[in-house]
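Residues per chain, in single letters:
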Amino acid sequence: MKRQLSVGQSLALLAVLGLGGSLAPVPAAAEEPETPQTERGRCPDDVVAEAAPTELRCATVTVPLDYADPQGEQIDLTVSRLAATDPDKRRGVLMLNPGGPGGSGLALSALLVAQGLPSSVTDRYDLIGMDTRGIGHSTPVSCGFTTDNPYYTNIPPYAVDDAAVTAQAKAAEQAAEQCADNDRDGRLRHLTTANTARDLDRIRAALGEEKTSYLGYSYGTALGAAYASMFPERADRIVLDSNIGDTHLDRDGMRRYALGMEQTLPAFAQWAARRHDSYGLGRTPEQVRASYLTIAGTLDRAPVAGIDGSLFRLLTFGHLFKQSQYPKLAQTWQAMREGDEAAALDLSAAQEETADGELLPTDNALAVFLSVTCNDVEWPENVNTYRRGVAEDRERYPLYGAATANITPCAFWPYAPAEPPVEVEAEGPRNVLLLQNLRDAPTPHRGGKMLREKFGDRARLVSVDDSGHGVYVLGRNSCALNAATRHLVEGGMPAKDTFCRAD
């Protein structure tokens, strides 16, 4: 069992980079807050190692746990800085977020530089990474999850039948109760996108900046949209990459993962069909798709070395994030089709070797994901609502719908949202550039179109004829790269929405 859960855990983090009553709103910040205190120095050892050879400096910023009680309990946020390389050209700071919620961003600046972030950007901006509230080195939270816990993934398991929904409901309820039992300091309820956006503004003030620019990926687009809506006068140049469609992840947003799977698998299917003589998964994309459904169904009935149909589907979803993962995915399909237990065990062992690496979702990451996702918005509480959704999406999105429509711990979350979710603000400067691949498993193109409509004339959408999760620097399209760099460096916004052809 431990081996099976380890595979599920590792793949889950690949999949999330990347899920009643009267509500009293908390003010964003009517006036400039008192400048928070900072302590500057060397970054934690794990951040130093991850960022090497790039050298970062880190600082601690203190902020209120509860912005409705600003003089009450304070928590620490750890931020990193990679200073602008040309002081004469320096414009200000560019805050970065890798997604999640639950992803550490302290070394993100070093990753982007290593991936080819243009020097015209690094000349002009101090790159500011961070562990947002609750994460890693920023007063971390815990639900006490362990590897033998039935809840081990941000995405619910694929429900092969109605009994699987019932079983997942029990696991989800247990996970919510475990979070409540471990929340001895009462911090989980204060992990929200709105509070994290307020934290960004405190960090801006601590850095002595009048405004901040921002680059966020995946869930980081929700955080960036919230900041640009709550603090439009302090938001400088904003780039939101691979958008989830709003300022929060709700049930509809999670169900869109299934749409993304349907739109993205054909790219792998075309790739595999052209390599039929090597992998034997089908001579046409239609045959490759049929192979997926056949393998998944077979594993539902007879798992191979602990890998069942649910884990196989999750593995496939995660490996659609980048085309560089296609060969490994094809090998895995081969092994599962042939019932190769040795290969399955090798796969599991390889995943376990990442236990100390970035692919293994930790208790901390899962706790933050649940807290933010469940606290941001009300989720349905009736199990039958999810049961109907699974039945609908199994038919509508046969590749993965019965997973993303399945029940989550948010249905049993012990805390009601303290305030309504942040509304996207269409009034403000035209400074929000949205980037979106046409084929993206966790954030389908529809998310970019949704956010574009909500921002109105404040935003422009750059749609990219490509597959994968992540466009700017992490992708490979020159048109989109140039558009985002131009916006950050010159402030240039396209006159209208733009379509970037495949390179």
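Quick note: structure is the one above.
Within every chain, residues take consecutive numbers counted from 1 along the sequence as written. Thresholds applied to this predicted model are a pLDDT of at least 70 for local features of residues and 80 or more for the giving and counting of side-chain atom pairs; totals over whole chains, interfaces and linings are not thresholded and use all residues. With hydrogens and water set aside, each side-chain value is computed from the structure's full complement of heavy atoms.

**Student:** Would you mind going over the state of the cysteines in detail, with residue names and values included?
**Tutor:** By definition, disulfides here are pairs of cysteine sulfur atoms that lie within 2.5 Å. A complete count under the given rule lists four disulfides for this structure. A sulfur-sulfur distance of 2.0 Å marks the disulfide that ties C43 to C58. On the sign convention where negative means left-handed, the S-S torsion of about 95° between C43 and C58 marks this disulfide as right-handed. Placement of C43 in the loop between β1 (38-42) and α2 (45-51) and of C58 in strand β2 (residues 57-64) is noted, with a sequence separation of 15 residues between them. For the pair C43 and C58, one class covers both residues: buried. Segments assigned H or I by DSSP are reported as helices when at least four residues long, segments assigned E as strands when at least two residues long, and all are numbered from the N terminus. Partly exposed residues are those whose accessible area sits between 20% and 50% of the maximum for their type, while under 20% is buried and over 50% is exposed, using a 1.4 Å probe and protein chains only.

**Student:** I'd like a rundown of the pattern of salt bridges, residues and numbers included.
**Tutor:** One side-chain nitrogen of Lys or Arg within 4 Å of one carboxyl oxygen of Asp or Glu is enough to make a salt bridge. In total, this model carries 26 salt bridges according to the counting rule given. When the shortest N-O distance is used, the salt bridge between E392 and R255 registers 3.3 Å. Linking E392 in helix α15 (residues 383-396) with R255 in helix α8 (residues 251-273), this pair joins segments that are 137 residues apart in sequence. R452 serves as the salt-bridge partner of D497, at 2.8 Å between the closest nitrogen and oxygen. Taken together, the residues D497 in the loop between α18 (478-490) and β10 (498-500) and R452 in helix α17 (residues 445-455) connect sequence positions 45 residues apart. For D497, a relative accessible area of 36% translates into the label partly exposed. Several salt bridges converge on common partners, so that one network encompasses R81, R90, D126 and E209.

**Student:** I'd like to hear about the pairing of strand β9 (residues 459-467), residue by residue, with values.
**Tutor:** The side chains of a regular strand alternate between the sheet's two faces. Counting buried residues in β9 gives eight out of nine residues, a clear majority hidden from the surface. Two strands are counted as paired when DSSP detects at least two bridges linking them. Here strand β8 (residues 432-439) pairs with β9 via seven bridges, running parallel. If you follow L433 over to β9, its bridge partner there is R460. Crossover handedness for the path β8 to α17 to β9: right-handed. Each parallel crossover has a hand, and for β9 linked through α18 to β10 it is left-handed. Here the term right-handed applies to a crossover when the path leading from its first strand over the helix to its second strand runs clockwise, the strands being oriented away from the viewer.

**Student:** Give a detailed account of α8, specifying residues and quantitative values.
**Tutor:** Along an α-helix, a turn takes 3.6 residues, which lines up residues three or four apart on a common side. Under the convention used throughout, the expected extent of a helix is 1.5 Å for every residue step, that is, one less than its residue count. Counted at 1.5 Å a residue, the expected span for α8 with its 23 residues is 33 Å, and the 34 Å between its end C-alpha atoms agrees. Here the bend at a residue means the angle between the axes of two seven-residue stretches, the one that ends at it and the one that starts at it. Its axis deflected by about 25° at Q263, α8 carries its strongest bend there, up to four residues before the proline P266. With respect to burial, α8 is a largely interior element, 19 of its 23 residues being buried. The definition of a polar contact used here is a pair of N or O atoms within 3.5 Å, where within protein one atom must be able to donate a hydrogen and the other to accept one, and adjacent residues in sequence count solely through side-chain atom pairs. Put simply, D250 is the residue that caps the front of α8, since its side-chain oxygen is 3.3 Å from the backbone nitrogen of D252.

**Student:** Lay out the nonpolar core with the relevant residues and their values.
**Tutor:** Grouped together as the largest cluster of nonpolar side chains are 113 residues, with contacts concentrated most on L240, F268, W333, M336 and F455. In terms of residue count, the dominant contributor to this core is α8 (ten residues). Core analysis: the next-biggest nonpolar cluster, separate from the first, contains 34 residues, L106, L117, L127 and V473 among them. Within this scheme, the nonpolar core is defined by two criteria: the residues are buried Ala, Val, Leu, Ile, Met, Phe, Trp, Tyr or Cys, and they are joined through side-chain atoms within 4.5 Å.

**Student:** Talk me through the packing of aromatic side chains; I want residue IDs and the actual numbers.
**Tutor:** Aromatic rings from Phe, Tyr and Trp, with only the six-membered ring used for Trp, were paired whenever their centres fell within 6.5 Å, and each pair was classed as stacked if the ring planes differed by under 30 degrees, edge-to-face if by over 60, and tilted otherwise. Counted according to the given criterion, the structure contains 14 aromatic pairs. Taking 5.0 Å as the distance between ring centres and 70° as the angle between the ring planes, the aromatic pair formed by F268 and W333 counts as edge-to-face. Of this pair, F268 sits in helix α8 while W333 is found in helix α12 (residues 326-337), placing the two residues 65 residues apart along the sequence. Classification of W333 by relative accessible area gives buried; the value is 0%. Between Y292 and W333, the aromatic rings sit 5.7 Å apart at their centres with planes inclined by 40°, giving tilted as the arrangement. With Y292 in helix α10 (residues 285-301) and W333 in helix α12, this residue pair connects regions lying 41 residues apart in the sequence. The exposure classification of Y292 matches that of W333, with both residues buried. One aromatic cluster is present, formed by F268, W271, Y279, Y292, F312, Y326 and W333 through successive ring pairs. Only Lys NZ and Arg CZ are tested; either one counts as a charge over a ring when it is within 6 Å of the ring centre and within 35 degrees of the ring normal. The cationic tip of R251 hangs over the ring face of Y386; the distance from NZ or CZ to the ring centre is 5.1 Å. R313 extends its terminal NZ or CZ atom over the ring of Y158, reaching a point 3.6 Å from the ring centre.

**Student:** Pulling in residues and values, what's your account of the environment of D497?
**Tutor:** Between the alpha carbons of D497 and S463 there is a distance of 7.9 Å; along the sequence they are 34 residues apart. Residues in contact with D497, not counting those within four places in the same chain, are R452, R460 and L461. At a separation of 2.8 Å, a polar atom in the side chain of D497 contacts the side chain of R452. A polar contact of 2.9 Å, which involves the side chain of D497, links it to the backbone nitrogen of L461. Contact definition: two residues touch when any of their heavy atoms are within 4.5 Å.

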